[in-house]
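# Understanding the architecture of this molecule
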Amino acid sequence: MQLITSWDERQKTLLDLQQSFLDLRFGIFLHFNMATFQNLEWGDPRDPISTFNPSALDTDQWVSAAKAAGMTYACLTTKHHDGFAIWPTRTRGTSVKTLDVVRAYVDSCRKSGLKVGLYYSILDLRADIRKFCITPDKVDLIMAQLTELLTNYGVIDLLVFDGWNAPWSRITYDDLPFDLIYRHVKMLQPDCLVMDLNASEYPGSALYYTDIKAFESNAGQTLPNDSFIPAQCCHTLTNEWFWKQGDENGPLKSAKKVVHEWLVPQNDRFCNLLLNVAPNREGRLAANVVERLHEIGQMWRHPGPAKRVKPNINITTPNLALRQPVFASASQATFGPDLANDGVLSHSWCLPPDERAGWLEVDLTQSQPEPVYFNTLVLFEPIGRWDDYRQTRIGHYRFLALVGAEWIEVVETTGESNGGTREVHMHRIPRMSATRMRLEIRGKETEPEPHVAELGVYNEPP
């Protein structure tokens, strides 16, 4: 594989890559790691590496069963939360020594024409990569392991991150910047789609820190009925992610449920189905699982390319307005302006009762004296947070930038511009610099108390 020396050498646009992904429609998720041999969902990091011991690894069988179901891509857990890598890493991380499961898996996929996805957990209990314990040395370890995966195994079509900016891992993008890892991946493989399982932290109608929106259905995350962004839902064929002793005789989701309740309706909303099918301790798929995959393939045939997805803006860089000095024309009681740029999307600024027009203003220069460059503006309105807030309360808004001594209008539009029921308004503009950013809003005559949950200013890659 020829390595890319500059991100600008990427071969396809993000929209092209997203469309190609949606055209795949149906994939297999393979949770196979140390936890498989411990009857756990999270592996116990105290166990020796010899615990991982598949007696009859058969990745060709995994791929053959996936093909029988009509699946067109796969994703393997190269390292789960306990931190055990199933490729022989040359880093100081804990891994297999001789059996390279990742190599066997990618070779099997390519022989059968399946696109290749890899899963990688940022949370790593063996390397002690966890909240309050992120150090430059540990960041270097993550970067080195990703380099191995993205340079030693050919073209990787999809890289799924987990254990990062999730409420249960508590490792945030402040601890490990998303754009640092994202740029590293794109430098090595520009056409690799990056997906972070962060849907619990961001609205379902926008691409925050991911190329493809991912919903973990087992965790209660649901695809919006009117979803229009490229997405993927993860479901399990068994009850849990990893194989458990007894699953060979346990309940499986029916083929009808997989096809008619998940796959088809999700595809209609620009969303793929990634169905988790866990190998057992032999390193094979059990007979009941293989049989169910064949039943799915008899019920569903790949119908061809998906309908065209519209261009979407994805956020990959930090919010330049985050926790900067912020001011407001007025505020209601405890709903102060700092709640619009504190990074907590469940907080919001609100105008006083009976006031329908006002503004927020952010000083962008506290962290640096020079004007700040940016090309993306975001208004997040907390639609759906309360029962009586089901549609936009903002009739009109505009962004203005302070350039020198002059306020310049940058964006002017209505709250209905994105349909009126979606929380996030994103605007890509020509790159510019300013010292302050102002958001002016005017509420609807029929709707009281418009809220702003986030004012976002971003300098996204071209």
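Above this text you will find the structure in question.
None of these values were measured; they are calculated from a predicted model.

### A look at the overall build of the protein
What the protein contains, in helices and strands, is seven helices and 20 strands. For the protein, the C-alpha radius of gyration of 23 Å lies close to 23 Å, the compact-globule estimate for 462 residues. Viewed in the frame of its principal axes, the protein has a C-alpha envelope of about 70 × 45 × 40 Å. For the protein, the proportion of its 462 residues judged to be buried stands at 58%. Counting contacts in the protein only where the partners sit at least 6 residues apart, residues at least 24 apart contribute 74% of the total. With an accessible surface of roughly 18,700 Å², the protein has 50% of that area assigned to carbon and sulfur atoms. Of the side-chain charges in the protein, 46 are positive and 57 negative, and the distance between the mean point of each set is 4 Å.

### Side note on the sheet that holds strand 13 (residues 357-363)
Spatially, five strands are ordered 11-13-18-15-16 in an open sheet, and the strand pairing comes out antiparallel. The strands lining the two open edges of the sheet, one partner per strand, are strand 11 (326-328) and strand 16 (406-413). The mean inter-strand angle of the sheet, taken between neighbouring strand axes irrespective of direction, is 20°. Where strand 15 (residues 394-403) and strand 16 come together, seven bridges link them in antiparallel fashion. Within strand 16, the position partnered with Leu400 by the bridge is Glu409.

### Description of the pattern of salt bridges
Opposite charge on two side chains lets them pair, provided their charged atoms get close. Enumeration according to the criterion identifies 26 salt bridges in this entry. Residue Glu361 pairs with Arg436 through a salt bridge whose shortest N-O separation is 2.7 Å. With Glu361 in strand 13 and Arg436 in strand 18 (residues 436-443), this pair connects stretches of sequence that are 75 residues apart. Note on Arg436: relative accessible area 22%, which makes it partly exposed. Note that Glu440 and Arg438 form a salt bridge whose closest N and O atoms lie 3.9 Å from each other. Through salt bridges with shared partners, a single network forms among Glu361, Asp363, Arg398, Glu409, Arg436, Arg438 and Glu440.

### Observations regarding the packing of helix 2 (residues 59-69) against helix 7 (residues 287-299)
In contact at an axis separation of 6 Å, helix 2 and helix 7 are set at 30° when each is read in the N-to-C sense. In terms of orientation, helix 2 and helix 7 fall into the roughly parallel class. Across the interface between the two elements, Gln61, Ala65, Ala66, Ala68 and Ala69 from helix 2 touch Val290, Leu293, His294, Ile296 and Gly297 from helix 7. A class-by-class count of the residues in the contact of helix 2 with helix 7 yields seven nonpolar, three polar and no charged.

### Observations concerning the nonpolar core
Phe26, Tyr105, Phe161, Tyr208, Leu275 and Leu293 are the most contacted members of the largest nonpolar core, which totals 87 residues. The element best represented in this core is helix 4 (residues 136-151), accounting for seven residues. One finds Val362, Phe374, Leu377 and Leu439 within the second-largest nonpolar core, a separate group that totals 26 residues.

### Details of a nonpolar patch on the surface
Taken together, the side chains of Trp42, Leu125 and Trp168 make up a nonpolar region of the molecular surface, amounting to roughly 260 Å² of accessible area. With respect to the secondary-structure elements, Leu125 resides in the loop between strand 3 (115-121) and helix 4. Among the residues examined, Leu125 registers a relative accessible area of 31% and is labelled partly exposed.

### Focus on the environment of Ala65
Within the secondary structure layout, Ala65 lies in helix 2. Taking the relative accessible area as the measure of exposure, Ala65 reaches 2% and is therefore buried. Taking the C-alpha atoms as reference points, Ala65 and Glu291, 226 residues apart in sequence, are found 8.5 Å from one another. Among all residues touching Ala65, those that are not within four sequence positions of it are Leu285, Val290 and Leu293.

### Some remarks on the sheet that holds strand 17 (residues 424-434)
A sheet is described by the order of its strands in space; here three strands give the open sequence 17-14-20, paired in antiparallel fashion. Edge positions in the open sheet fall to strand 17 and strand 20 (454-458), since each of these has one partner strand only. The sheet shows a mean angle of 25° between the axes of neighbouring strands, taken without regard to direction. Pairing geometry for strand 14 (residues 372-380) and strand 20, over five bridges, is antiparallel. The residue bridging Val378 from the neighbouring strand is Gly456, located in strand 20.

What counts and how
- Residues numbered from 1 in each chain as written.
- Predicted model: local features only at pLDDT ≥ 70, side-chain atom pairs only at ≥ 80, totals over all residues.
- Heavy atoms only, no water.
- Helix = DSSP H or I, 4+ residues; strand = E, 2+ residues; numbered from the N terminus.
- Rg over C-alpha atoms; globule rule 2.2 N^0.38 Å.
- Buried < 20%, exposed > 50% of the residue type's maximum accessible area, 1.4 Å probe, protein only.
- Contact = heavy atoms within 4.5 Å.
- Areas by Shrake-Rupley, 256 points an atom, 1.4 Å probe, with all protein chains shown as cover.
- Lys, Arg positive; Asp, Glu negative; His and termini not counted.
- Charge placed at Lys NZ, Arg CZ, Asp CG, Glu CD.
- Pairing = 2+ DSSP bridges.
- Axes fitted to C-alpha atoms, helices over the stretch in contact; angles between N-to-C directions.
- Salt bridge = Lys/Arg side-chain N within 4 Å of Asp/Glu carboxyl O.
- Parallel < 35°, antiparallel > 145°, perpendicular 65-115°, else oblique.
- Nonpolar A, V, L, I, M, F, W, Y, C, P; charged D, E, K, R; others polar.
- Core = buried A, V, L, I, M, F, W, Y, C linked by side-chain atoms within 4.5 Å.
- Patch = residues over 30% accessible without salt bridge, like charges linked within 9 Å, V, L, I, M, F, W, Y side chains within 5 Å.

These figures come from the coordinates and say nothing about function on their own.
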